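Chains, contacts and geometry: an overview
Each chain is listed here by its residues.
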Amino acid sequence: MEDATDFNVYVGTETGILKGINLNQRAVIHKNFHKIQALDRQQEITSMAWGNEQESEVLMGLRNQTVRVFDTDAKAFVSTRTINVGEGPIVSLGRLDGVTITAMKSGQVTLWQSDGAVEINALGKGEFLTKMRQDPASPNVIATGGKEADLHLWDLQRPEEAIFTAKNVKPDMLELRVPVWVTDIAYLGDQRSVAISSRHKHIRLYDPKRQRRPTISFEWEDSPLTCISAVSSTMGQVVVGTAHGRLGLFDLRGRKPEEPVHAYKGFAGAVRDLFVHPKQPFVFSVSLDRFLRVHSLTSRKLVFKEYMKSRLNCLLVRENLDEMDFITAAINTTSKRKLPAPESKPETKTKLVKRNTEITDAEWESLTA
């Protein structure tokens, strides 16, 4: 079993606090790694990524264009760098051969090499960038998208021109152009297909080696889609979150891809980020209602939730998460919150109801005065 001080989940908040959560058999432990009184809104954590394959570093991109590095072994921040590129916050981070990759809202994607930075203008004629994702199978390939900036694939070894540029779907039945607003990107397990979620409710699947237009495109729910994550154990399944607190599993290779296979419940706010664990059958998510939640991928049950006191933007989960430790912790935590109420409470409630029926007009006026 892991040491209780080894956190296996990290979340970033709107107030700039990095929180570590440890799930183990004995208890659920979470800790703030910032001094709360020293924070301001400009230090909001807008993106997070692992700094190496060993997952011993957490990269954080802040609203004020600062990149911070947290050492998970030393439990301390070891590096801070302000980059001052373009405008707006850092929307995504990555790492290639020990070199940091940053993506700004204004469209600049930069590989910060020691002998000089390699910069890509990923925005083109779009309004702003919302997401950049590295291909886990080919880390030198990144995908970008944003508002009126459709999906692009770039090779950082040949950054002069995109290696793939998506083409929008055909106009709708009224011959009106369909708007584009990519919110998140996921690489499927076949190592060739890319799926995106859209602010305009679209889920789209692309095969860059086949065609520029999406091979599958449909709408889900009457709500903006905020995030998407691929199920690595399958060839075509993705989990999608919405701004109205919905989470759905889709099989894009199935007979009816537009119908969710599962819907996960329990949210009271927009889903900000989600992660399907590559080795365990769990879906991790953070939402505007300040909860970290974990659902079973197959049974749809909410196996764990923890109130984190701050609005949550993003999360990282360790790949070596232990399933048995986690399930035990989840059951223990959930059972504590579902203890039956004391037997004396129903009797007290009955007496109050009875007393309320006998209240006089004078007493009512004194209460409402």
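This one's a predicted model, so the numbers in the text were calculated from it and none came from an experiment. (Residues numbered from 1 in each chain as written. Predicted model: local features only at pLDDT ≥ 70, side-chain atom pairs only at ≥ 80, totals over all residues. Heavy atoms only, no water.)

Below, the discussion takes up the confidence of the model for the protein chain. Looking at the protein chain as a whole, its pLDDT mean stands at 86, while 84% of the residues score no less than 70. With pLDDT under 50 throughout, residues 328-359 is counted as low confidence; its partners more than four residues away or in other chains account for 20 contacts. (pLDDT = per-residue confidence, 0-100. Contact = heavy atoms within 4.5 Å.)

The relation between two aromatic rings is expressed through the spacing of the ring centres and the mutual angle of the planes. The full count for this structure, using the stated rule, is 12 aromatic pairs. Note on phenylalanine 218 and phenylalanine 250: the rings are 5.7 Å apart at their centroids and 45° apart in plane angle, and the pair reads as tilted. Of this pair, phenylalanine 218 sits in strand S19 (residues 216-219) while phenylalanine 250 sits in strand S22 (residues 247-251), placing them 32 residues apart in sequence. Of the two residues examined, phenylalanine 218 and phenylalanine 250, each falls in the buried class. Grouping aromatic residues by their ring pairs yields a cluster made of Phe7, Tyr10, Phe33, Trp50, Phe70 and Phe77. (Phe/Tyr/Trp six-rings, centres within 6.5 Å; stacked < 30°, edge-to-face > 60°. Helix = DSSP H or I, 4+ residues; strand = E, 2+ residues; numbered from the N terminus. Buried < 20%, exposed > 50% of the residue type's maximum accessible area, 1.4 Å probe, protein only.)

What follows concerns the sheet that holds strand S15 (residues 164-165). The strand order across the open sheet built from 4 strands is S12-S13-S14-S15, with neighbouring strands paired in antiparallel fashion. In this open sheet, the two strands that pair with only one neighbour each are strand S12 (128-134) and S15. Bridge count for S12 against strand S13 (residues 141-147) is 6 bridges, and the pairing is antiparallel. By the bridge assignment for S13, phenylalanine 128 is matched with lysine 147. (Pairing = 2+ DSSP bridges.)

Before going further, it helps to spend a moment on the pairing of S22. The element S22 is largely enclosed, with a buried count of 4 among its 5 residues. Of the pairings in the sheet, the one linking strand S21 (residues 237-242) to S22 comprises 5 bridges and is antiparallel in character. Residue pairing in the sheet places glutamine 237 in a bridge with aspartate 251 of S22. Counted along the chain from S21 to the antiparallel partner S22, the turn is 4 residues long, and its residue glycine 245 has a positive phi close to 75°. Pairing between S22 and strand S23 (residues 262-264): 3 bridges, direction antiparallel. Bridge pairing in S23 links glycine 248 to alanine 263.

Turning next to the sheet that holds strand S20 (residues 225-230). Strands in a sheet are paired, the pairing made by backbone hydrogen bonds, and the direction either parallel or antiparallel. Taken in spatial order, the 4 strands make up an open sheet running S20-S21-S22-S23, and their pairing is antiparallel. In the strand order of this sheet, the two ends are held by S20 and S23, each with one partner. For this sheet, the mean inter-axis angle between neighbouring strands, taken without regard to orientation, is 25°. (Axes fitted to C-alpha atoms, helices over the stretch in contact; angles between N-to-C directions.)

Bringing the side chain of aspartate 155 into the picture now. Here aspartate 155 lies in strand S14 (residues 149-155). By relative accessible area, aspartate 155 is classed as buried at 7%. Separated by 2.8 Å, the side chains of aspartate 155 and asparagine 140 make a polar contact. Engagement of the side chain of aspartate 155 in a polar contact is seen with the backbone nitrogen of glutamine 157, the distance being 3.0 Å. Look past the residues within four positions of aspartate 155 in its chain and what remains in contact with it is Asn140 and Ile163. (Polar contact = N/O pair within 3.5 Å; in protein donor to acceptor, adjacent residues only side chain to side chain.)

A few words on the pattern of salt bridges. Scanning the model with the defined rule gives 17 salt bridges in all. In this structure, aspartate 207 engages arginine 192 in a salt bridge whose closest nitrogen and oxygen atoms are separated by 2.7 Å. Residue aspartate 207 is located in the loop between strand S18 (202-206) and S19, and its partner arginine 192 is located in the loop between strand S16 (182-187) and strand S17 (194-198); the two are separated by 15 residues in the primary sequence. Taken together, the salt bridges that share partners define one network made up of Glu14, Arg272 and Arg311. (Salt bridge = Lys/Arg side-chain N within 4 Å of Asp/Glu carboxyl O.)

Another point: a nonpolar patch on the surface. Judged by side-chain polarity, Met173, Leu174 and Leu176 come together as a nonpolar surface patch covering roughly 400 Å² of accessible area. Looking at the secondary structure, you find leucine 176 in the loop between S15 and S16. For leucine 176, a relative accessible area of 47% puts it in the partly exposed group. (Patch = residues over 30% accessible without salt bridge, like charges linked within 9 Å, V, L, I, M, F, W, Y side chains within 5 Å. Areas by Shrake-Rupley, 256 points an atom, 1.4 Å probe, with all protein chains shown as cover.)

This part takes up unusual backbone geometry. Even without being a glycine, glutamine 65 presents a positive backbone phi close to 65°. Looking at where glutamine 65 falls in the secondary structure, it is placed in the loop between strand S5 (57-62) and strand S6 (66-71). Glutamine 65 gets classed as buried once you look at its relative accessible area, which sits at 9%. The backbone phi angle of aspartate 97 is positive, close to 55°, even though this residue is not glycine. Looking at the element boundaries, aspartate 97 is found in the loop between strand S8 (90-96) and strand S9 (99-104). Residue aspartate 97 is classed as exposed on the basis of its relative accessible area, which comes to 76%.

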